Amino acid sequence: MSRRAGILRELGLGPLWRLRDRPAAAVVPESAEVAPEPASAGAGTDDRAAAIARMDWSGLIDAVKQCSACGLCRARKQAVPGVGDPQADWLFVGEGPGAEEDERGEPFVGQAGKLLDAMLAAIDLRRGEKVYIANAVKCRPPNNRTPEAGETAACWPFLARQIGLIRPKLVVALGRPAAQTLLQSEVKISAARGRLFDYQGIPLVVTYHPAYLLRNLPDKAKAWEDLCFMRRTMGKL
Ligand code: SF4
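Note that the coordinates shown come from a computational prediction; the quantities given were computed from them, not determined experimentally.

*Asks:* What should I look at first to understand the overall build of the chain in this one?
*Replies:* Scanning the chain from terminus to terminus reveals 10 helices and seven strands. Scored against the burial criterion, the 237 residues of the chain give a buried share of 49%. Residue pairs at least 24 apart in sequence account for 75% of intrachain contacts in the chain once pairs closer than 6 positions are excluded. In the structure as shown, the chain presents an accessible area of about 11500 Å², 49% of it carried by carbon and sulfur atoms.

*Asks:* Just checking my understanding: could you explain the side chain of Asp 219 for this structure?
*Replies:* Mapping Asp 219 onto the fold places it in the loop between helix H9 (210-215) and helix H10 (220-236). Looking at Asp 219, its side chain comes within polar contact range of the side chain of Tyr 212, at 2.5 Å. Once you skip the residues sitting within four places of it in the chain, Asp 219 turns out to touch Tyr 208, Tyr 212 and Leu 213.

*Asks:* What is the right way to read the site of the ligand from this model?
*Replies:* In the region of the ligand, the neighbouring residues are Arg 48, Cys 67, Ala 69, Cys 70, Leu 72, Cys 73, Arg 76, Lys 138, Cys 139, Ala 154, Cys 155 and Phe 158. Among the cavities detected, the one that contains the ligand is the largest cavity. It is helix H6 (residues 149-166) that provides the largest number of residues to the shell around the ligand, a total of three residues. When its residues are assigned to classes, the shell around the ligand shows nine nonpolar, no polar and three charged.

*Asks:* Where do I start with the nonpolar core in this structure?
*Replies:* In globular proteins that are soluble, nonpolar side chains generally tend to be buried together. Core analysis: the largest hydrophobic core is formed by 49 residues, its most contacted members being Trp 90, Phe 92, Leu 182, Leu 204 and Val 206. In terms of residue count, H10 provides more of this core than any other element does, seven residues in total. Membership of the second largest hydrophobic core comes to 11 residues, among which are Cys 67, Leu 72, Val 137 and Cys 155.

*Asks:* Looking at this model, I keep getting lost on the pattern of salt bridges. Mind explaining?
*Replies:* Oppositely charged side chains may form a pair once their charged atoms are brought near each other. This structure, assessed with the given rule, holds 10 salt bridges. Arg 127 is the salt-bridge partner of Asp 117, the closest N and O atoms lying 3.0 Å from each other. Separated by 10 residues along the polypeptide, Asp 117 in helix H5 (residues 111-122) and Arg 127 in the loop between H5 and strand S4 (131-135) bring together distant segments of the chain. What you see here is one network of salt bridges that share partners, running through Glu 106, Asp 117 and Arg 127.

*Asks:* How should I be thinking about unusual backbone geometry in this particular structure?
*Replies:* Negative phi values dominate among residues other than glycine, just as trans dominates among peptide bonds. With a phi close to 55°, Phe 108 is a non-glycine residue in the positive phi region. With respect to the secondary-structure elements, Phe 108 resides in the loop between helix H4 (99-104) and H5.

*Asks:* What am I meant to see in the packing of aromatic side chains here?
*Replies:* For any pair of aromatic rings, geometry is given as the distance between the ring centres together with the angle between the planes. Evaluated as defined, the whole model comprises four aromatic pairs. Residues Trp 57 and Tyr 132 carry aromatic rings whose centres are separated by 5.5 Å and whose planes lie at 35° to one another, so their mutual orientation is tilted. Placement of the pair is Trp 57 in helix H3 (residues 57-66) and Tyr 132 in strand S4, with a sequence separation of 75 residues. On the basis of relative accessibility, which here comes to 22%, the residue Trp 57 falls in the partly exposed class.

*Asks:* Help me understand the pairing of strand S7 (residues 202-207), please; the structure alone is not making it clear to me.
*Replies:* Regular strands place their side chains on alternate faces of the sheet. When you tally the buried positions in S7, you get six out of six residues, the bulk of the element. Burial of the side chains of S7 extends over both faces: Ile 202, Leu 204 and Val 206 are buried on one face and Pro 203, Val 205 and Thr 207 on the other. Summarising the sheet, strand S5 (residues 170-174) and S7 pair through four bridges and their orientation is parallel. Within S7, the position partnered with Val 171 by the bridge is Leu 204. Here three bridges tie strand S6 (residues 197-199) to S7, and the two strands are oriented antiparallel to one another.

The rules behind each value
Sequence order as written defines residue numbering, which begins from 1 separately in each chain. Residues qualify for local features only when their pLDDT is at least 70, as the model is predicted, and side-chain atom pairs are given and counted only at 80 or more; totals for whole chains, interfaces and linings, by contrast, use all residues. To obtain the side-chain values, all non-hydrogen atoms of the structure were used and water was disregarded. For helices the rule is a DSSP run of H or I covering at least 4 residues; for strands it is a run of E covering at least 2, with both sets numbered from the N terminus onward. When a residue's accessible area, from a 1.4 Å probe over protein chains only, is under 20% of the maximum for its type it is buried; when over 50% it is exposed; and in between it is partly exposed. The criterion used for residue contact is that any of the two residues' heavy atoms lie within 4.5 Å. To be clear on the numbers: accessible area is Shrake-Rupley with a 1.4 Å probe, and residue cover counts the displayed protein chains and nothing else. Polar contacts, as used here, are pairs of N or O atoms within 3.5 Å; protein pairs need one atom able to donate a hydrogen and one able to accept it. Residues neighboring in sequence count only if both atoms are side-chain atoms. The criterion for a residue being near a molecule or strand is simple. One of its heavy atoms has to lie within 4 Å of it. Cavities and pockets are found on a 1 Å grid laid over the protein atoms alone: a cavity is a set of points where a 1.4 Å probe fits but cannot escape, a pocket is an open set with protein on both sides within 12 Å along at least five of seven lines, and a lining residue has an atom within 4 Å of such a point. Throughout, a molecule is located in a cavity or pocket provided that more than half of its atoms lie within 2 Å of its grid points. Polarity classes work like this: nonpolar for Ala, Val, Leu, Ile, Met, Phe, Trp, Tyr, Cys and Pro, charged for Asp, Glu, Lys and Arg, and polar for all others, with Gly in that last group. Buried Ala, Val, Leu, Ile, Met, Phe, Trp, Tyr and Cys residues that are joined via side-chain atoms within 4.5 Å together make up what is termed a nonpolar core. Salt bridges are defined as contacts in which a side-chain nitrogen from Lys or Arg sits within 4 Å of a carboxyl oxygen from Asp or Glu. Here a Phe, Tyr or Trp ring, Trp counted by its six-membered ring, pairs with any other such ring whose centre lies within 6.5 Å, and the pair is stacked when the planes are under 30 degrees apart, edge-to-face when over 60, and tilted otherwise. Any two strands are treated as partners once DSSP identifies two or more bridges connecting them.

Rendered as structure tokens:
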């Protein structure tokens, strides 16, 4: 079995889906949808956001690790800033750390992480090589609940600074909380996938979170379509 066939089998897709060596005609919309400037998290946060916006990488990582700007700091073992190539072309943004991520200090290291790695491999990407992986919130929400709006708002300046430092060619929002954080609007993944958005001049696409795909196996085929769309989009950049 070829490496790609093995990856597709792990994704639960083979033999239905095959990645063409030469992508088919792209279906990138002619004009991307532009996300509004993300809102401030509230009064008293502007100075903090401005300070974070000036941080270099080491200052940013230290600030994340010491942060207590929202209640998620109370139950965490450690904050999980992100991992990967600081000059990545691809930025993948998930929701927040889970139990294993909280334990190990790295995003996407559990079962969802294995699936994300397989998804990356399917489009010839590897964690850490032109790829950076981060989350909308850097600390684990208790019982893996969805982060609350106030928590994503409090954590937003860190993600915004990561994007500013990396300046990726393409941002991929994994799941609804990440998409809503980045696009500052209500997002339904089923309606947003396959469309090209814009985050401050950087193309942005939306797909399912790997943890969702583990619970909803039929949607893996849609995720595969999204991977092909991402690759076509990157090929045009
Ligand atoms: Fe700070 Fe973000 Fe952790 Fe909240 S989730 S404590 S804002 S690093």
